Amino acid sequence: MKYKILFTAPYMIPFVDRFKPVFDQYLRTINIPLLSYEIKNQKLVYKWDNVIDGFNMPVRISDGKESIWLKPGKTEKSISFKSDSLSVDPAFYVNLKPE
């Protein structure tokens, strides 16, 4: 036999379904995800805006010295953050909105 099956549909469907909200956001809408944030009292408060329900893509940010991963949602989350500025890794097609 010349070809070998590496993955079967029952294995792949749950894997692909995990990313469905991300695919739907980028392929079915024209809206660019917007990472809204506020830095106050060494605390970073952040959330996704301009996204579909269920959009759950993590994003990597940097304060200029180190990078960290955030897992934003449509509701606000917060972490300790000692810098006054942040940037998103350019590999992510998102916009930033300071509040």
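Chains are numbered independently. Their residues run from 1 in the order of the written sequence. Local features in this predicted model are restricted to residues whose pLDDT is 70 or higher, and side-chain atom pairs enter the listing and the counts only when it is 80 or higher, whereas totals over whole chains, interfaces and linings include all residues. The basis for every side-chain value is the complete set of heavy atoms in the structure, and neither hydrogens nor water enter the calculation.

Novice: Explain the overall build of the protein to me, please; I cannot follow it from the model alone.
Specialist: When you go through the protein residue by residue, the secondary structure sums to 2 helices and 7 strands. In this text, helices come from DSSP runs of H or I with a minimum length of four residues, and strands from runs of E with a minimum of two, each type numbered from the N-terminal end. Listed by position from the N terminus, the elements making up the protein come as α-α-β-β-β-β-β-β-β. Computed over its C-alpha atoms, the radius of gyration of the protein comes to 17 Å, more than 25% above the 13 Å expected for a compact globule of 99 residues. With the principal axes as the frame, the protein shows a C-alpha extent of 65 × 30 × 20 Å. For a compact globule the rule gives 2.2 Å times the number of residues to the power 0.38, and the radius of gyration it is set against comes from C-alpha atoms.

Novice: It is not clear to me how the sheet that holds strand 2 (residues 43-49) should be interpreted in this structure. Could you clarify?
Specialist: One key point about sheets: their strands pair by backbone hydrogen bonds, in either a parallel or an antiparallel sense. Two strands are counted as paired when DSSP detects at least two bridges linking them. Ordered in space as 5-2-1-7, the 4 strands form an open sheet in which the pairing is mixed. Both edges of this open sheet fall to strand 5 (77-80) and strand 7 (95-98), since each of them pairs with a single strand only. Across the sheet, the mean angle separating the axes of adjacent strands is 25° when strand polarity is ignored. As paired elements, strand 2 and strand 5 share 4 bridges and run antiparallel to each other. The residue of strand 5 that forms the bridge with Val45 is Ser78. To define axes, lines are fitted to C-alpha atoms, for helices over the stretch in contact only, and angles between the resulting N-to-C directions are given on a 0 to 180 degree scale.

Novice: It is not clear to me how the side chain of Ser62 should be interpreted in this structure. Could you clarify?
Specialist: With respect to the helices and strands, Ser62 occurs in strand 3 (residues 59-62). Ser62 has contacts with Ser67, Ser85, Leu86 and Ser87, leaving out every residue within four places of it along the chain. Here, two residues are considered to be in contact whenever any of their heavy atoms come within 4.5 Å of each other.

Novice: I'm lost on helix 2 (residues 20-28) in this one. Help?
Specialist: An α-helix turns once per 3.6 residues; consequently, residues spaced three or four apart project the same way. Three labels apply to residues, based on accessible area from a 1.4 Å probe with only protein chains included: buried if under 20% of the type maximum, exposed if over 50%, partly exposed otherwise in between. Residues of helix 2 that are buried: Pro21, Val22, Asp24 and Gln25. Viewed end-on, helix 2 has its buried residues packed into an arc of 165°, placing them on one side of the element. Residues of helix 2 that are exposed and angled more than 90 degrees away from the buried face: Leu27 and Arg28. The directions considered for the arc are those from the helix axis to the C-beta atoms.

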